[in-house]
Amino acid sequence: MTTRARCRLTLSDAGREFWRHPSPWCLALTFIAALTARIAVGDWQLTDAVLPALMIVAFPVFEWVIHVGILHWRPRSAGRFTLDPLLARKHREHHRDPRQVELIFIPRQTLLWLIPTAVAVPLLVSNRLGLGLTSVVVLTGLGLVYEWTHYLIHTDYKPKTSAYRSIWRNHRQHHFKNENYWFTITTTGTADRLLGTHPDQSTVPTSPTARNLHGATR
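In this text, all values refer to a predicted model and were calculated from it rather than measured experimentally.

Focus: the UniProt feature "transmembrane region" (unreviewed entry) in the protein chain
Reasoning step 1: Per the UniProt record, the feature "transmembrane region" (unreviewed entry) sits at residues 21-41, 53-73, 105-125 and 131-153.
Reasoning step 2: When the span residues 21-41 is considered, its composition is 95% helix and 0% strand, and the gap between its end C-alpha atoms is 31 Å.
Reasoning step 3: In residues 105-125, the share of helix is 86% and the share of strand is 0%. The end C-alpha atoms are 28 Å apart.

Put into structure tokens, the structure is as follows:
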């Protein structure tokens, strides 16, 4: 894409590219199937409203924990073996090349177990089928919001609203200012403020390893 085309990128352009990748399709199809099943089952109760509200409120913290604990995992050696999960390796690649579209999304290999887990666990732990399906609907919906937001931030689409501009700036600082702060993606530093990783930008030095996490070679 030329520089001029990048500057003219519209939301529709970004959307067309978004749907060319497997992760959005996997999440969307699971969301639609779960929503269809949820409507068919019926048995609506108060918890079907309370649970989604709690999941939405908790999602920024969940997002922060995954980002810090899994995606920023530092490779560890145990004898002749090195513990270095695929998600951590892919995330290091993402930091090295934030513009490579394929590295923005959940890896294909991860989808093979993530989608079944996102369906099976809520259904197994819920005390009724309807509530389990509600959980799957909300979880996959939040996953879609995460994938879209993360993807859009890394495109050349320019923020048009103050809310999105704040989210965009928050994640850009994580990639290009200092990788030790600003871990939330879908909100404006909510969990970062709660967990102490949302400092005043002017007080934070530019990190030499923002593009090379942990100074790793791979």
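Some thoughts on the side chain of His154
Reasoning step 1: Relative to the helices and strands, His154 is located in the loop between helix H7 (129-153) and helix H8 (162-176).
Reasoning step 2: Judged by relative accessible area, which is 8%, His154 ranks as buried.
Reasoning step 3: One polar contact links His154 to His94, side chain to side chain, over a distance of 3.3 Å.
Reasoning step 4: Polar contacts involving the side chain of His154 include one to the main-chain carbonyl oxygen of Pro98, which spans 3.1 Å.
Reasoning step 5: Beyond its immediate stretch of four places on either side in the chain, His154 contacts His94, Pro98, Ile104, His171, Arg172 and His175.

Some points on the packing of H7 against H8
Reasoning step 1: Between H7 and H8, whose axes approach to 10 Å, the crossing angle comes to 75°. On the basis of their axis angle, the class for H7 and H8 is roughly perpendicular. Within the contact between the two elements, H7 uses Thr149, His150, Leu152 and Ile153 and H8 uses Tyr164, Ile167, Trp168, His171 and Arg172.
Reasoning step 2: Classifying every residue of the contact of H7 with H8 gives 5 nonpolar, 3 polar and 1 charged.

Topic: H8
Reasoning step 1: Relative to the 21 Å expected for 15 residues at 1.5 Å per residue, H8 spans 20 Å between its end C-alpha atoms, a close match to the ideal helical length.
Reasoning step 2: Along H8, the residues that are buried comprise Tyr164, Ile167, Asn170, His171, Gln173, His174 and His175.
Reasoning step 3: Contacts made by the buried residues of H8 are with helix H4 (47-71), helix H5 (86-96), H7 and helix H9 (190-195).

Definitions and cut-offs
Residues numbered from 1 in each chain as written. Predicted model: local features only at pLDDT ≥ 70, side-chain atom pairs only at ≥ 80, totals over all residues. Heavy atoms only, no water. UniProt positions renumbered as here; feature names shortened; annotations may be inferred. Helix = DSSP H or I, 4+ residues; strand = E, 2+ residues; numbered from the N terminus. Buried < 20%, exposed > 50% of the residue type's maximum accessible area, 1.4 Å probe, protein only. Polar contact = N/O pair within 3.5 Å; in protein donor to acceptor, adjacent residues only side chain to side chain. Contact = heavy atoms within 4.5 Å. Axes fitted to C-alpha atoms, helices over the stretch in contact; angles between N-to-C directions. Parallel < 35°, antiparallel > 145°, perpendicular 65-115°, else oblique. Nonpolar A, V, L, I, M, F, W, Y, C, P; charged D, E, K, R; others polar. Expected span 1.5 Å × (residues − 1).

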